[in-house]
Amino acid sequence: MSSQIKILEALDQDLRESFLRNHRQLAIPANHQLIFQSDWGSEAYVIVEGIAKARSLTLAGEEVVISLMGSGALIGDLALLSPEPIRSVDVVALTAVTLLKFRDGALKEALESSSTALALIAGLQAQRLKVLGERLMLMHEDATTRLLATLLELARLNGPADDPHQPIPAISQNEIAAIAGLSRGTTSTLINKLRSNGTLENGVEGLRFATLAPLQRRGLLPTIPPSPG
C-alpha cells in the first residue's frame, strides 16, 4: 500500500515505520464531508483510492472548487504548516474513497526529523500553487475547453495510472458543472454535443474519451508526433 504514497517512498525505513505506526484505514462514501473549513484539526490523511474535492463557499453560499485529489494525495497537511491548526477548505468525497488516517502527530514528527519529508511537503505546496494558477487561467477559457479540462482531470484521477483513457467517474452533472465553473444546463448540452461528435463514448465502465484529439488541439494534452517512417 505504501508504494502508492510518495511521501512514504521518500522516507527511510525507520521513519516510514514510525510514520505508519497506529494508522487506520477508512472507507467513506461519496458525498461524505471529511474536513470542514475553519474547523480546528491536525489529522492528516492520504487517499488510497477514489476522488475528493477541496472547496470553499462564497458569502452567498455558492461552491467554488479549489482542486481535485486522487490516489496518493495528502490531505490535512496545510493546517500543520499554519500558525494555528485551522482547516483552510472543505474536503468532500466525490466518489467512494479509501483513506489512510495517520496517528495524531505523525506528520509533524516526520517534518521535524526528516529534511527529505520537509522538502517533499514544500514541493507539494509549490505544485498546488501551480495547479491553482492553471485553474484560475482556465476559468477565462470558453465553456467547452473548461468542460474538457474537467473531464480530463476526472478521468486521469479515476485510477492509479494517470491515464486520460480511464473512464470518467459516475458523478452527477451538477458536480461536473461546479468543478468546471459552468451552469448545469450548459454542462448537459456540451456533454451531449461531445457524445454526438465522437469525443466521448459510453463504454462498459461508463463515459470515457473516445479520442484525445480535441484535448490536444486546445493545448490540454501534448500532441505526440507520429513515429518516423
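Preceding this paragraph is the structure being described.
Structure report, in brief. Here the structure is a predicted model, which is why all the values come from computation and not from measurement. (Residues numbered from 1 in each chain as written. Predicted model: local features only at pLDDT ≥ 70, side-chain atom pairs only at ≥ 80, totals over all residues. Heavy atoms only, no water.)

Quick look at a nonpolar patch on the surface
What counts is decided by this rule: Candidate patch residues must exceed 30% relative accessible area and have no salt bridge, after which like charges are joined if within 9 Å and Val, Leu, Ile, Met, Phe, Trp or Tyr side chains if within 5 Å. For the area figures, the Shrake-Rupley method with a 1.4 Å probe applies, and any residue is considered shielded solely by the protein chains shown. When a carboxyl oxygen of Asp or Glu lies within 4 Å of a side-chain nitrogen of Lys or Arg, that pair is called a salt bridge. Secondary structure elements are defined from DSSP: runs of H or I of at least 4 residues count as helices, runs of E of at least 2 residues count as strands, and each element is numbered from the N terminus. Burial classification: accessible surface area is computed with a 1.4 Å probe over protein chains only, and a residue below 20% of its type maximum counts as buried, one above 50% as exposed, and the rest as partly exposed.
Together, Leu129, Leu132 and Leu136 line one region of the surface with nonpolar side chains, adding up to about 290 Å² of accessible area. Following the sequence through the fold, leucine 136 ends up in helix α5 (residues 115-138). Under the relative-accessibility criterion, leucine 136 is labelled exposed at 53%.

With respect to the sheet that holds strand β4 (residues 52-57)
We count it as follows: Note on pairing: DSSP must find at least two bridges between two strands before they are called paired. Note on geometry: axes are C-alpha line fits, over the in-contact stretch for helices, and angles between N-to-C directions span 0 to 180 degrees.
Within the open sheet, the four strands sit side by side as β2-β7-β4-β5. Their pairing is antiparallel. Where the open sheet ends on each side, the last strands, each with one partner, are β2 (33-35) and β5 (63-69). Here the strands of the sheet are splayed against their neighbours by 35° on average, with no regard to which way each runs. Where β2 lies against strand β7 (residues 90-93), two bridges are found, and the strand directions are antiparallel.

A look at the nonpolar core
Heads up, the rule is: Buried Ala, Val, Leu, Ile, Met, Phe, Trp, Tyr and Cys residues that are joined via side-chain atoms within 4.5 Å together make up what is termed a nonpolar core. By definition in these notes, contact holds between two residues if any of their heavy atoms fall within 4.5 Å.
Counting residues in each nonpolar core, the largest one holds 25 residues, and the members touching the most others are Leu147, Leu151, Leu154, Ile168, Leu200 and Phe209. Among the elements that take part in this core, helix α6 (residues 143-157) stands out by supplying six residues, more than any other. Those residues in contact with leucine 154 that sit more than four places away from it in its chain are Ile51, Leu68, Leu94, Ile168, Pro169, Ile171, Ile176 and Ile179.

A look at the pairing of strand β8 (residues 97-101)
By the criterion of burial, β8 is predominantly enclosed, with four of the five residues buried. Here five bridges tie strand β1 (residues 24-28) to β8, and the two strands are oriented antiparallel to one another. When the bridges of β8 are listed, glutamine 25 appears paired with leucine 100. As paired elements, strand β3 (residues 45-49) and β8 share four bridges and run antiparallel to each other. The residue bridging tyrosine 45 from the neighbouring strand is lysine 101, located in β8.

Overview of the packing of helix α7 (residues 173-180) against helix α8 (residues 184-196)
This is how the line gets drawn: Note on angle classes: values under 35 degrees are labelled roughly parallel, values over 145 roughly antiparallel, values of 65 to 115 roughly perpendicular, and the remainder oblique. Just so you know the grouping, Ala, Val, Leu, Ile, Met, Phe, Trp, Tyr, Cys and Pro go in nonpolar, Asp, Glu, Lys and Arg go in charged, and all remaining residues, Gly too, go in polar.
At their nearest, the axes of α7 and α8 sit 9 Å apart, and the two run at 105° to each other. One finds that α7 runs roughly perpendicular with respect to α8. Across the interface between the two elements, Gln173, Asn174, Ile176 and Ala177 of α7 pack against Arg184, Thr187, Ser188 and Ile191 of α8. When grouped by side-chain class, the residues that make up the contact of α7 with α8 number three nonpolar, four polar and one charged.

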